[in-house]
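# Per-entry structural report
Here is how the chains run, residue by residue.
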Amino acid sequence: MKSHLIVVGAMLLTAGVATAQTQAARPAAPPPPSGENRVLLDMLNQVEAVSRQIRELRGELEEMTNRVEVLNDRVQKSEKRQSDLYNDTDGRLRRIEQLAKEDSEARKKLVSQAAELDLRLKKIESGAGLPAGGGGQLSELDARLKKLEAGMSASPSQTELGELDLRLKKLESVTVSANAPVPQPEAPVPPTAPTPPAAASLPVVTAPAAPAAATPPAAVAPVTTNGGTPDSELVKRAYDTALSKQRSGDSAGAISDFRTFLKLYPRHELAPNAQYWLGEAYFRAADYQNAIAAQQKLLVTHPDHLKAPDAMLILANAQGASGDQNAARKTLEDLIARHPQSDAAEKARQRLARLK
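Residues numbered from 1 in each chain as written. Predicted model: local features only at pLDDT ≥ 70, side-chain atom pairs only at ≥ 80, totals over all residues. Heavy atoms only, no water.

### Some details on the pattern of salt bridges
Oppositely charged side chains can pair when the atoms bearing their charge come close. Under the criterion given, the structure shown has twelve salt bridges. Across the pair Glu233 and Arg237 runs a salt bridge, and its minimum N-O distance is 3.8 Å. Here the residue Glu233 and the residue Arg237 both occupy positions in helix H5 (residues 232–247), the gap between them amounting to four residues, near one helical turn. By relative accessible area, Glu233 is classed as exposed at 55%. Between Asp334 and Lys330 there is a salt bridge whose closest N-O contact spans 2.8 Å. One end of the pair is Asp334 and the other is Lys330, both in helix H10 (residues 325–338) and four residues apart, which spans about a single turn. Residue classification places Lys330 among the partly exposed positions, given a relative accessible area of 46%. (Salt bridge = Lys/Arg side-chain N within 4 Å of Asp/Glu carboxyl O. Helix = DSSP H or I, 4+ residues; strand = E, 2+ residues; numbered from the N terminus. Buried < 20%, exposed > 50% of the residue type's maximum accessible area, 1.4 Å probe, protein only.)

### Topic: the side chain of Lys307
Inspection of the secondary structure assignment puts Lys307 in the loop between helix H8 (288–301) and helix H9 (308–321). It turns out Lys307 is buried and unbridged, and the closest side chain with the opposite charge, Asp310, is 4.6 Å from it. Setting aside chain neighbours within four positions, we find Lys307 in contact with Asn273, Tyr276, Trp277 and Leu298. (Lys, Arg positive; Asp, Glu negative; His and termini not counted. Contact = heavy atoms within 4.5 Å.)

### Brief notes about the layout of surface pockets
When its volume is computed, the largest pocket comes out at roughly 840 Å³. As for the largest pocket, its lining consists of 24 residues, of which Ala106, Lys109, Arg338, His339 and Pro340 are closest to the centre. Secondary-structure elements contributing two or more residues to the lining of the largest pocket are helix H2 (35–126), H9, H10 and helix H11 (343–355). With eight residues, H2 is the single largest residue contributor to the lining of the largest pocket. Here the residues of the lining of the largest pocket are counted per class, giving nine nonpolar, six polar and nine charged. (1 Å grid on protein atoms, 1.4 Å probe; cavity = no way out; pocket = protein on both sides within 12 Å on 5 of 7 lines; lining within 4 Å. Points joined across faces, edges and corners; volume = space filled by probe spheres on them. Nonpolar A, V, L, I, M, F, W, Y, C, P; charged D, E, K, R; others polar.)

### Observations regarding the packing of H5 against helix H7 (residues 271–284)
At their nearest, the axes of H5 and H7 sit 11 Å apart, and the two run at 25° to each other. As summarised for this structure, H5 and H7 are arranged roughly parallel, according to the angle between their axes. Considering the relative orientation of H5 and H7, their crossing is left-handed. Touching Tyr239, Leu243 and Gln246 of H5 are Asn273, Ala274, Trp277, Glu280, Ala281 and Arg284, all from H7. (Axes fitted to C-alpha atoms, helices over the stretch in contact; angles between N-to-C directions. Parallel < 35°, antiparallel > 145°, perpendicular 65-115°, else oblique. Left-handed = near helix turned anticlockwise from the far one by under 90°.)

Spelled out as structure tokens, the structure:
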């Protein structure tokens, strides 16, 4: 019995030793935190939370920076578009203002021409002794002028005013011829007596003769009807004859015929055209001084004629050919300023580009 107790005690002692060794081998458990350690732990947790928030804010800041850059790019593009739109609108407004100014000046010029034509028409109306048929022409011109005055707000065209001006000149010449006394012969001519060549009623151009027997230009009598007014058909034939010589290259013949035409019919509606073709004939014949004088006379007497732009172009060519380049340049610049929409103005621009 005693031996059993000794064995049990030894076993308990052995178990106690083993338990002590096992406990000794285990690491010592940390002591419970004190008050300072707990504060430090809380602060560490707060620092980690703040750091986490800072990282989140940095991410949001980078995203906002990218958005700001995109917005700045859009704003710059928008400002550029607005600037381009402003410049384009400003340029278009300037062109519109320039066109309005030119249109206003053209209107004033056309109104002035219409007023001048009205005065001339009233002068014709106040004249006495109109020939037969003149009243019909006067009524027609008066109706056309009233139509132009009624539509003045729409700016009458230069072509209509030019046509009316030519017809008024024709009517003025008719009125002057009607009011002029008809010369009476000193003695009646016997019916059987032949008509002398100097008193023939037909122009020389209607009855061509041999060159050796041609009548000098000074001896040609104007073609007239019984009433003392020019025969428009025969006058037109004389003009066409001179123009055909000009177009065929016979400059000398054209010069002679056009000079004769202008001497006999200075107030005819075809006189400005004849003056223009005379200047061109002189230019083709290399007689530049007479070409300059002829075209300058046309521009002085009929500055608004349809042939005025072409006359200025030939004038500039003649001035340049004669060696006066400054005068040629000045004439070309005046042509572009006065008749900017004409074909002659386009040729003048090309000529100026070559002169520069």
